[in-house]
Amino acid sequence: MGFGGNSQQLLSKIATNDKHGENSPYFDGWKAYDRNPFHPKNNPQGVIQMGLAENQLCFDLIEEWIRNNPKASICTPEGVHQFRNIANFQDYHGLQKFRNAMANFMSKVRGGRVRFDPDRILMSGGATGANELIMFCLADPGDAFMIPTPFYPGFVRDLCWRTGVKLIPVHSDSSNNFKITREALEEAYKKAKEDNINVKGLLITNPSNPLGTTLDKDTLKSLVSFINEKNIHLVCDEIYAATVFSSPNYVSVAEVIQEVEHCKRDLIHIIYSLSKDMGFPGFRVGIVYSFNDEVVNCGRKMSSFGLVCSQTQHMLASMLSDENFVTTFIEENSRRLKKRHDKFMKGLEEVNITRFPSNAGLFCWMNLKSLLKEPTFEDELKLWRVIIHEVKLNVSPGSSFNCSEPGWFRVCFANMDDETVDVALNRIRAFVGRETKKPVGIKRWQQNLRLNFSSRIFDETTVIMSPHSPIPTSPLVRAT
Ligand SMILES: Cc1ncc(COP(=O)(O)O)c(C=O)c1O
């Protein structure tokens with residue numbers, strides 16, 4: 001059933017604007033994968049999904065814990081006696097035992113060097129909901145948050161779409177190792193002021209998506225001083241905190257503010273989630289942890305719109321309170337991530353592909369500048385189309401992360417098994433071998449552009465449903 005020709009007039013401005021941010025190669029790549037997903041036996045020529053930052057390396061540990069702890073679930077004979085209590089529970093403070101367990105887990109992930117107060121934990125639907133919730137608390141429509149580039153493409157949707165908040169990029173590039181410098185911050189802030197934009201804060205992601213690097217203590221201290229001086233908020237998305245697999249160790253902003261003199265703690269807020277560190281994106285466990293009492297009060301009320309399901313809270317309260325399990329999980333997760341990272345990097349090195357050195361995350365930031373005819377974003381997209389359509393790997397181009405320098409691509413490596421990594425590496429090897437044999441300036445993918453553009457048109461007109469799609473087409477709309 002549709003609304004006819006003037007359907008747009010019947011809907012809200014938010015519903016009909018295109019600020020969701022889905023109109024990007026980052027999401028297009030997912031659709032290409034959905035149309036033709038790789039399967040080792042059923043579809044060995046399909047597209048390999050390397051655009052999804054999922055952590056699937058430790059599912060066996062979780063499954064084992066679930067088998068050993070049937071009481072933790074209300075859906076087992078051992079746990080069903082709790083069913084009524086849990087099914088009825090709807091307090092937006094969340095189960096006390098869940099908040100306690102989350103606070104302990106967050107502390108453990110940060111090396112036990114900081115403690116978190118369970119009463120400051122607010123629930124939300126994943127970090128997606130948590131990021132939006134904190135924006136609703138801190139900014140009005142038209143206000144802005146500064147954000148270092150390159151950044152996670154979903155931020156456009158999460159931070160801006162429904163809140164009306166604007167993002168002001170703080171640019172960095174490889175010439176200084178993508179560092180967030182004081183000069184770049186001052187410049188972006190000054191420009192925003194000149195444009196009469198009300199800057200409410202700075203949002204950082206530590207560890208970084210897409211760089212896979214952690215911020216050092218000095219940088220964090222300088223960011224804290226900057227926001228203190230300007231009297232604006234600092235939101236730290238720490239969703240990848242437990243994905244650190246090699247030195248330097250992880251430093252959370254919670255640790256740094258203990259050491260900064262006269263720090264205005266009211267300005268500091270942490271976003272967390274179990275989507276990456278535990279590999280539970282489907283559970284939608286998101287957290288806002290604010291040091292500001294008013295934000296805690298207001299955010300708690302707002303969290304009514306995105307509570308974590310009580311069944312999930314109940315089970316995770318048990319799982320995350322199991323100290324032995326948590327300790328083993330954190331160590332093993334980081335060990336397996338390192339192993340996978342090293343395997344993938346070795347494969348890239350063998351074909352002389354460089355990447356930005358990283359110590360965290362579920363991805364690497366691959367440098368394909370040498371395969372661009374011209375160092376432009378146009379050529380980056382052309383190359384990306386070839387990688388999707390010919391090499392059949394869904395990687396994400398740097399432009400979709402607002403990177404200011406063409407030629408970078410994010411490649412995820414923790415959402416597949418070892419065999420699939422080998423297939424992906426073989427494809428990369430074959431592609432790079434083929435490209436480097438061509439005389440400079442006439443690479444095969446450039447000869448084939450016509451073909452690729454036409455397949456692109458097909459991409460844009462085909463409607464695909466994906467379990468992971470950020471814009472699943474509603475069944476009602478599909479029926480029209
Ligand atoms: C930096 C960052 N923040 C937030 C999210 C959203 O996570 P969630 O699945 O918990 O909503 C992601 C997901 O990729 C992310 O990379």
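Keep in mind it's a predicted model, so treat the numbers as computed, not measured.

Visitor: Where do I start with unusual backbone geometry in this structure?
Guide: Negative phi values dominate among residues other than glycine, just as trans dominates among peptide bonds. Put simply, N206 and P207 share a cis peptide bond, and its omega is -5°. Along the chain, P207 falls in the loop between β5 (199-205) and α10 (217-230). Residue P210 is bonded to the preceding N209 through a cis peptide linkage, with omega at 25°. Counting through the fold element by element, P210 comes out in the loop between β5 and α10. One non-glycine residue, H262, lies in the positive phi region at around 55°. Tracing the backbone through its elements, the reader meets H262 in the loop between α11 (253-256) and β7 (268-273).

Visitor: Honestly, the UniProt feature "coiled-coil region" (unreviewed entry) in the protein chain in this entry has me stumped. Any pointers?
Guide: Cross-referencing UniProt, the feature "coiled-coil region" (unreviewed entry) maps to residues 175-202 in the present numbering. Regarding residues 175-202, the helix share stands at 46% and the strand share at 14%, and the terminal C-alpha atoms are separated by 23 Å.

Visitor: Would you mind showing me how to read the site of the ligand here?
Guide: By nearness alone, 14 residues border the ligand, and G126, A127, T128, S273 and S275 come closest of all. Residues of the shell around the ligand, tallied by class, amount to five nonpolar, eight polar and one charged.

Visitor: What is the right way to look at the sheet that holds strand β2 (residues 121-125) in this model?
Guide: Hydrogen bonding along the main chain pairs the strands of a sheet, whether they run parallel or antiparallel. The mixed open sheet is built from seven strands, whose spatial order is β2-β8-β7-β6-β5-β3-β4. Both edges of this open sheet fall to β2 and β4 (166-170), since each of them pairs with a single strand only. In this sheet, neighbouring strand axes are inclined to one another by 25° on average, regardless of whether the strands run parallel or antiparallel. Summarising the sheet, β5 and strand β6 (residues 233-237) pair through five bridges and their orientation is parallel.

Visitor: Would you take a moment to explain the pairing of β6 for this structure?
Guide: Look at any regular strand and the pattern is simple: side chains alternate between the two faces of the sheet. Counting buried residues along β6, five of its five residues qualify, which places the element largely inside the surrounding structure. Taking every second residue as pointing to the same face, both faces of β6 are buried, with H233, V235 and D237 on one and L234 and C236 on the other.

Visitor: How do you make sense of the sheet that holds strand β9 (residues 354-355) when you look at a structure like this?
Guide: Spatially, the four strands line up as an open sheet ordered β9-β10-β13-β12, and their pairing is antiparallel. Each end of this open sheet is capped by a strand with a single partner; those strands are β9 and β12 (396-397). Relative to strand β13 (residues 408-412), strand β10 (residues 363-367) is paired through five bridges, and the arrangement is antiparallel. Counterpart to F363 in the pairing with β13 is C412.

Conventions we followed
- Residues numbered from 1 in each chain as written.
- Predicted model: local features only at pLDDT ≥ 70, side-chain atom pairs only at ≥ 80, totals over all residues.
- Helix = DSSP H or I, 4+ residues; strand = E, 2+ residues; numbered from the N terminus.
- UniProt positions renumbered as here; feature names shortened; annotations may be inferred.
- Near = placed C-beta within 6 Å.
- Nonpolar A, V, L, I, M, F, W, Y, C, P; charged D, E, K, R; others polar.
- Pairing = 2+ DSSP bridges.
- Axes fitted to C-alpha atoms, helices over the stretch in contact; angles between N-to-C directions.
- Buried ≥ 20, exposed ≤ 12 C-beta atoms within 10 Å, placed from the backbone.

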